[in-house]
Amino acid sequence: MFRFTTIKDYHNALLNGTTTCVDAVRFYTQSIKDQQHLNAFLEVFEEEALAQALALDNQRNGSIQGKLHGVVVALKDVICYKGHKVSAASRILDNFTSIYNATAVEKLLAEGAIIIGRNNCDEFAMGSSNENSAFGAVKNAADETKVPGGSSGGSAVAVQANMCMVSLGSDTGGSVRQPADFCGVVGLKPGYGRISRYGLIAYASSFDQIGIFGNNIEDVALTLEVIAGADEYDSTVSTDAVPEFSELLKTEDKKYRFCYFRQAFENASLDVEIRTQIEVFMKTLTDAEHSVEIVDFELLDFIVPVYYVLTTAEASSNLSRYDGVRFGYRNTANSADLSDMYTNTRSEAFGKEVKRRIMLGNFVLSAGYFDAYFTKAQQVRQLLINQTDQLFNNYDFIILPTSPTTAFSFGAHKDPVEMFLADIYTVYANLVGIPAISLPLFRHQNNMPFSLQLLASRDSEVSLLCVSQNLLHQKRDR
Amino acid sequence: MNSNLEFEAVIGLEIHVQLSTESKLFCGDRTLFGEPANTQVSSISLAHPGTLPRTNNKAVELAVRMGLACHSSISEKNFFARKNYFYPDLPKGYQVSQHTIPICNGGTVRIMVNGIEKEVILNRIHLEEDAGKSIHDVDETFSLIDLNRAGTALIEIVTEPCIHTSEEACAYVTTVRKLVRWLNVSDGDMEKGNLRCDANISVRRKGEKQLGTKVEVKNLNSIRNLRKAIDFEISRMSSMLENDEKIIQQTRSFDAVTDTTFALRDKEEANDYRYFPDPDIAPFVLSGKYINDISISMPELPEQLQSRLQQDHGLSLYDAHQITEDKDIARFFLDVNDIVSNPKSVANWINGPVKQQLNDRGCSIEDLKLSPSDLAALILLVEDGKVSFSSASSQVLPKVINSGNPPIEIIQQYDLLKVSDEAELINWINIALNKMPEKVIEYRKGKRGLIGLFVGEVKKLSKGKADPKLVNEILERKLNE
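An account of the accompanying structure is given in this report.

What counts and how
Residues numbered from 1 in each chain as written. Chains lettered and ligands numbered in written order. Predicted model: local features only at pLDDT ≥ 70, side-chain atom pairs only at ≥ 80, totals over all residues. Heavy atoms only, no water. Helix = DSSP H or I, 4+ residues; strand = E, 2+ residues; numbered from the N terminus. Rg over C-alpha atoms; globule rule 2.2 N^0.38 Å. Buried < 20%, exposed > 50% of the residue type's maximum accessible area, 1.4 Å probe, protein only. Contact = heavy atoms within 4.5 Å. Areas by Shrake-Rupley, 256 points an atom, 1.4 Å probe, with all protein chains shown as cover. Lys, Arg positive; Asp, Glu negative; His and termini not counted. Charge placed at Lys NZ, Arg CZ, Asp CG, Glu CD. Core = buried A, V, L, I, M, F, W, Y, C linked by side-chain atoms within 4.5 Å. Pairing = 2+ DSSP bridges. Axes fitted to C-alpha atoms, helices over the stretch in contact; angles between N-to-C directions. Parallel < 35°, antiparallel > 145°, perpendicular 65-115°, else oblique. Left-handed = near helix turned anticlockwise from the far one by under 90°. Nonpolar A, V, L, I, M, F, W, Y, C, P; charged D, E, K, R; others polar. Buried area = accessible area lost by both parts, 1.4 Å probe. Salt bridge = Lys/Arg side-chain N within 4 Å of Asp/Glu carboxyl O. Polar contact = N/O pair within 3.5 Å; in protein donor to acceptor, adjacent residues only side chain to side chain. Expected span 1.5 Å × (residues − 1). Bend = angle between axes of the 7 residues up to and from the residue. Patch = residues over 30% accessible without salt bridge, like charges linked within 9 Å, V, L, I, M, F, W, Y side chains within 5 Å.

Take the overall build of chain B next. Scanning chain B for helices and strands turns up 16 helices and 17 strands. A globule of 481 residues ought to have a C-alpha radius of gyration of about 23 Å, yet chain B, at 29 Å, is considerably larger. Principal-axis analysis of the C-alpha atoms places the extent of chain B at approximately 90 × 55 × 50 Å. Taken across its 481 residues, chain B has 51% of its residues classed as buried. Considering only residue pairs separated by 6 or more positions, chain B has 69% of its internal contacts joining residues 24 or more positions apart. Accessible area of chain B: about 22,400 Å², with a carbon and sulfur share of 48%. One finds the centroid of the 58 positive side-chain charges in chain B at a distance of 3 Å from the centroid of its 69 negative side-chain charges.

Structure (structure tokens):
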């Protein structure tokens, strides 16, 4: 029986001949079938994955060919894979097939990864519960009455419930870290520009970043190493050389300087037990002679409004291309003229949350409101960036909860603003473009997992992954 | 009542120039003209989900070139903005353009109107991408969309409202067209749509300080149409003002069949474009060194060359302006003059017979089979009295061009050497005079102007070879005997 722990162990097993890529693919496709009710996948590329696995097994000659040789990967359905459908979990992309590979996918394939299927998510990555998919909600495998988080809910559950080895999501305001938190897996959002966005369906361009779900830091680091780096197709991506993240992982006994925000931990929305457990954990850090200091963060109350002003503005424009003219859904039945066609197409095929954000975005960009909303929000964003830079002069990492609560029940948040406010701890990293990771260190007495969120300065993924490795090992050892 | 005396027009022009880059502004798709519809479109031009723009450095360089040539100041920090509106030939649902900060600020363009030089003041030059084309007249039911042009690099050159007549406007557009060609910034071909013009026109009573309500006339795709549209608008708005009618702010279009304009939409219906900085394109910085390097690589500008031709070569403003209308002609002039060292004569040859040949053949100096050395040889033959100007320009020049043979060979082959031999000239003169004895009598009675007729006849008989100066002398002598 196939059993997965880490990519390294899997590669060793391949070398020992105790397993094959075909075994792995068979295991995962069966696992997906067995757990179809979780609704984590919109499509499984079973035959293709098997054929690819067979080819990898045959060509191997007793060695491992690529860094991700035979690694079974699932893609959030906002990442383009040539010749395959991509829908952003929206009806507006009805029957749309991508004619090119996202840069990240190109890099995965070049290192021998096997793409097993596309994951359900919130429509256009807009949501915190995966309830906004046009193809139904995803269920949390830890408790099927609970949401898996969003927007990359399907990708989180795919790793949580053993339906792939690693998965790619996208994180615009917490869409990788929060579902990782709700599902008890590792979720990394690299710094903005670390991974090319080419082929990632845009929600809010200056916030979007592909993120990685995995069972452990080694796998996440290795996957990051493969998909990160300069790309001539994305002018916003970092041109810095990509560190060998997987090689640089050390469990050395370095003393770090942590800080946490007073306003974050005193926030009324934060679940008391989450707060307590994290505070206890911080005590173990000081016991281990790391420094942990409390700092004031006066701007906390502004970050959710600023985030929603800026992301909806960008989204309203990014989603204009879905107009029924060139691809995807088009209403022809009762459209008398062009204007009707636009209105009917977009009204029918976009979901409620997407329409809400398009309307909000158009509002904040419109003449007469632009300065009061968009310009002001940009100023606050710049202020946040400056303050954060200063903070990292004194500290290595910021500690935050990932979410104020553990996974909630379906339909729990009826008020959209209430749902927005639950993003309070995750949107910060996207606003300032820094890397952040959600580490599944805790279990709530309600039996749901929850995470510690660590944030590092821009370009500090190496130290972020190292300390994460350290903390997860300590937990295992305890 | 002559309304031109009472009213004054204030005009600002926006010229869209398609840059001569091989690929589009934000992707590698080609920019060839006249290709089959939708063959120059990749997933990026089609705005497929997940695609991103990347800036064409050549387009940035060409915009800077144009800015430097127009004495604009070049922005150090640049970014693109999105102009949001829905139209089927706009694949992304927004046009990537520049908004608050253009790549080139201000500037001037020197023009010549009725022999007088003027300066047109620029507001800005900015970079943007073109839309595709909507075709409404091919299919009965559907509008067709061709996205070959979508994403092509443009610069938009915007003047201040400082133009007052259609002559000035046409001179300005002609000058801009010359400049973009001179700098290899664009083909500047209005017929192919790679230079397009919109005019903002208002009219006010003379002496008034405040601008009148403006109308914008779109898609003026030739110099002729620009002139007709402006003249029509000035007279339309002047008579409205005369009749105390209220002018409304409108976007209008020119109808080249009737030479009139018609309203497309009122200002109230205008879009709110919701401009904001494009987050998909990293801002770019143009360093002093970058700008300086471009500046150094630029050719001598037409206005600089014009001044040099006036000062160093003693050409008149008119001749110097004519010679600098086209870079290749200017180059040709300089090459010929290097050999001939007679600027006035070379300018006369080029502005006269050579341009005549270009017009007749509908080609450019580059395509004309005439080397500077051949023209120089021909001019020198005329100066040396070997061939008459009239034979040289009307016979030798076209034959040189047609055959590619040197002028002296043509002259020999066709026996066009100027005849100065008195006996031969007298022979032709006698034949001529014998042909029209009445005229000779009239001349002798005092109608001295008839001498031209006799000279002309001799020229004809000699097929242009007769030395006109000698013919004149001999004729006068003979007739006054």
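Attention now moves to the overall build of chain A. When helices and strands are counted, chain A shows 17 helices and 11 strands. The globule rule puts the C-alpha radius of gyration for 478 residues at 23 Å, and the 21 Å found for chain A is close to it. When the backbone C-alpha atoms are referred to their principal axes, chain A occupies close to 65 × 55 × 45 Å. Looking at chain A as a whole, 62% of its 478 residues are labelled buried. For chain A, the computed accessible surface area is about 17,300 Å², with 48% contributed by carbon and sulfur atoms. The positive charge centre, built from 41 side chains, and the negative charge centre, built from 56, are 1 Å apart in chain A.

If you look at the biggest cluster of nonpolar residues, it comprises 163 residues, and the most contacted ones within it are I116, F124, I399, Y428, L454 and L465 of chain A. The residues touching I399 of chain A, leaving out its near neighbours within four places in the chain, are F258, C259, Y260, F261, F265, I278, M282, L285, L452, Q453 and L454 of chain A. Listed in part, the 69 residues of the second largest apolar core include V60, F80, L122 and A199 of chain B.

With that out of the way, let us pick up the sheet that holds strand β3 (residues 114-119) of chain A. Residue and element names in this part refer to chain A. In space, the 11 strands of this open sheet follow the order β1-β3-β2-β4-β6-β5-β10-β11-β9-β7-β8, with mixed pairing throughout. The two strands at the open ends of the sheet, each matched to only one other strand, are β1 (41-44) and β8 (291-295). Averaged over all adjacent pairs, the angle separating strand axes in this sheet is 25°, with direction ignored. Sheet topology note: the strand β2 (residues 72-76)/strand β4 (residues 166-170) ladder contains three bridges and is parallel.

Below, the discussion takes up the packing of helix α9 (residues 343-361) of chain B against helix α10 (residues 372-383) of chain B. Residue and element names in this part refer to chain B. At a minimum axis distance of 11 Å, the contact between α9 and α10 shows a crossing angle of 110°. One way to sum up the angle between α9 and α10 is to call them roughly perpendicular. Considering only the axes of α9 and α10, their crossing is right-handed. Residues S345, V346, W349, I350 and V354 of α9 touch α10, and the partners they reach there are L375, L378, I379, V382 and E383. Looking at the contact of α9 with α10 residue by residue, the class counts come to eight nonpolar, one polar and one charged.

Glancing now at the interface of chain A and chain B. Of the residues lining the interface, 39 residues belong to chain A; the matching set on chain B comes to 30 residues. In total, about 2,900 Å² of surface goes out of reach between chain A and chain B, with carbon and sulfur atoms giving 57% of it. Put simply, E232 of chain A and R54 of chain B hold a salt bridge, and the shortest N to O gap is 3.2 Å. Connecting chain A to chain B are 21 residue pairs in polar contact (both at pLDDT 80 or more). Going through the elements one at a time, α11 (300-318), α12 (338-349), α13 (352-365) and α14 (370-394) of chain A are the ones with two or more residues in the side of chain A that touches chain B. Per-element tally for the side of chain A that touches chain B: the top contributor is α11 of chain A, with four residues. Residue composition of the side of chain A that touches chain B, grouped by class: 20 nonpolar, 11 polar and eight charged.

All names here are of chain B. For α9, spanning 19 residues, the distance from its first C-alpha to its last is 25 Å, which sits close to the expected 27 Å at 1.5 Å a residue. K355 marks the point of greatest bend in α9, at about 35°. Every buried residue of α9 is listed here: P343, S345, V346, A347, W349, I350, N351, P353, V354, K355, Q357 and L358. Just downstream of α9, G362 is the residue with a positive phi angle, here 60°.

Across the sheet, three strands lie side by side as β5-β4-β16 (chain B); this open sheet has antiparallel pairing. Looking at strand neighbours, the two that pair on one side only are β5 (94-97) and β16 (276-277) of chain B, the edges of this open sheet. Across two bridges, strand β4 (residues 81-84) of chain B lies against β16 of chain B in antiparallel orientation. Looking at β16 of chain B, one finds that A81 of chain B is bridged to P277 of chain B. Strands in contact with α11 of chain A are β4, β5 and β16 of chain B; relative to β4 of chain B, the strand with the most contacts, it is inclined by about 60°.

Here the focus is a nonpolar patch on the surface. A contiguous nonpolar patch, built from F363, Y369 and Y373 of chain A and spanning about 270 Å² of accessible area, is present on the exposed surface. On the secondary structure map, Y369 of chain A appears in the loop between α13 and α14.

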